[in-house]
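A structural walkthrough
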Amino acid sequence: MKASGTSLTSLFGVGPVIAATVIGEARDASRFRNRDHFAACNGTAPIEVASGGRKACRLSRRGNRRINHAVHMAAVTQVRQPHSEGRACYDKKLAEGKTRKEALRALKRQVSDAVFTRLKADARRAQAQVRDPGGQ
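Residues numbered from 1 in each chain as written. Predicted model: local features only at pLDDT ≥ 70, side-chain atom pairs only at ≥ 80, totals over all residues. Heavy atoms only, no water.

Glancing now at the overall build of the protein. What the protein contains, in helices and strands, is five helices and two strands. For the protein, the spread of C-alpha atoms along the three principal axes comes to 65 × 30 × 20 Å. For the protein, with 136 residues in total, the buried portion stands at 33%. A sequence separation of at least 24 residues applies to 59% of the contacts in the protein between residues at least 6 apart. Accessible area for the protein stands at about 8,800 Å²; split by element, carbon and sulfur atoms hold 51% of it. Here the protein carries 27 positive and 11 negative side-chain charges, and the mean point of each set is 6 Å from the other. (Helix = DSSP H or I, 4+ residues; strand = E, 2+ residues; numbered from the N terminus. Buried < 20%, exposed > 50% of the residue type's maximum accessible area, 1.4 Å probe, protein only. Contact = heavy atoms within 4.5 Å. Areas by Shrake-Rupley, 256 points an atom, 1.4 Å probe, with all protein chains shown as cover. Lys, Arg positive; Asp, Glu negative; His and termini not counted. Charge placed at Lys NZ, Arg CZ, Asp CG, Glu CD.)

Below, the discussion takes up the packing of aromatic side chains. Scanning all chains against the criterion turns up two aromatic pairs. A ring pair is formed by Phe-32 and Phe-38, whose centres lie 5.0 Å apart and whose planes are at 80°; its orientation type is edge-to-face. Of the two residues, Phe-32 and Phe-38, neither departs from the other in class, the shared state being buried. (Phe/Tyr/Trp six-rings, centres within 6.5 Å; stacked < 30°, edge-to-face > 60°.)

With that settled, the discussion passes to the environment of Asn-42. One can find Asn-42 in helix H2 (residues 35-42). Using a relative accessible area of 0% as the deciding quantity, one classes Asn-42 as buried. Sequence separation between Asn-42 and Arg-65 is 23 residues, and the spatial gap between their C-alpha atoms is 6.6 Å. The contacts of Asn-42, once residues within four sequence positions are left out, are Arg-62, Gly-63, Asn-64, Ile-67, Asn-68 and Ser-112.

Interaxial distance between helix H1 (residues 16-26) and helix H3 (residues 65-80) falls to 9 Å at its minimum, and their mutual angle equals 150°. If you check the angle between H1 and H3, you find them roughly antiparallel. Crossing of H1 over H3 shows left-handed handedness. For the pair H1 and H3, the contacting residues are Ile-18, Thr-21, Val-22, Glu-25 and Ala-26 in the first and Arg-66, Ile-67, Ala-70, Met-73 and Ala-74 in the second. Residue composition of the contact of H1 with H3, grouped by class: seven nonpolar, one polar and two charged. (Axes fitted to C-alpha atoms, helices over the stretch in contact; angles between N-to-C directions. Parallel < 35°, antiparallel > 145°, perpendicular 65-115°, else oblique. Left-handed = near helix turned anticlockwise from the far one by under 90°. Nonpolar A, V, L, I, M, F, W, Y, C, P; charged D, E, K, R; others polar.)

What follows covers H3. In a regular helix each residue adds 1.5 Å, so 16 residues correspond to 22 Å; H3 covers 22 Å between its end C-alpha atoms and thus fits that length. Burial in H3 covers these residues: Ile-67, Asn-68, Ala-70, Val-71, Ala-74, Ala-75, Val-76, Gln-78 and Val-79. Put simply, Asn-64 is the residue that caps the front of H3, since its side-chain oxygen is 2.9 Å from the backbone nitrogen of Arg-66. (Expected span 1.5 Å × (residues − 1). Polar contact = N/O pair within 3.5 Å; in protein donor to acceptor, adjacent residues only side chain to side chain.)

For the rest of this paragraph, the subject is the nonpolar core. By size, the foremost hydrophobic cluster in this structure holds 25 residues, and its most contacted members are Leu-8, Val-14, Val-22, Phe-38, Val-111, Val-115 and Leu-119. Breaking this core down by element, the ones donating at least two residues are H1, H3, helix H4 (85-95) and helix H5 (100-131). By residue number, the principal contributor to this core is H5, which donates seven residues. With residues near it in sequence (within four places) discarded, Phe-38 still touches Ala-26, Phe-32, Ile-67, Ser-112, Val-115, Phe-116 and Leu-119. (Core = buried A, V, L, I, M, F, W, Y, C linked by side-chain atoms within 4.5 Å.)

In structure tokens form, the structure reads like this:
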């Protein structure tokens, strides 16, 4: 556990600036019903678009652009490091025949889900500390 009081910085590619941006913009994690709702609110949930017989997915331009940018920076940082789990996921998507943009979109969604999980865990831990009288 980091001394900063958040497990968000334990994610690869998430430093103090990105963590502060996400925490500041997302505020309380309980606002979001689940990880899908969080992804829709930060713009990393894919939107299906269809034209004729062709179906494709793209990212939403809606949502909080600051959180989206923070998630993007974390994903790009992971892709740049050959030893990261994010790079392995990115390479796997490329091997499946996805384009580089599609692979990055998939990685951004995974990063968004991991960020949401950490935000919820931090909120639960903070709530437990508030309830605990501390040995009194």
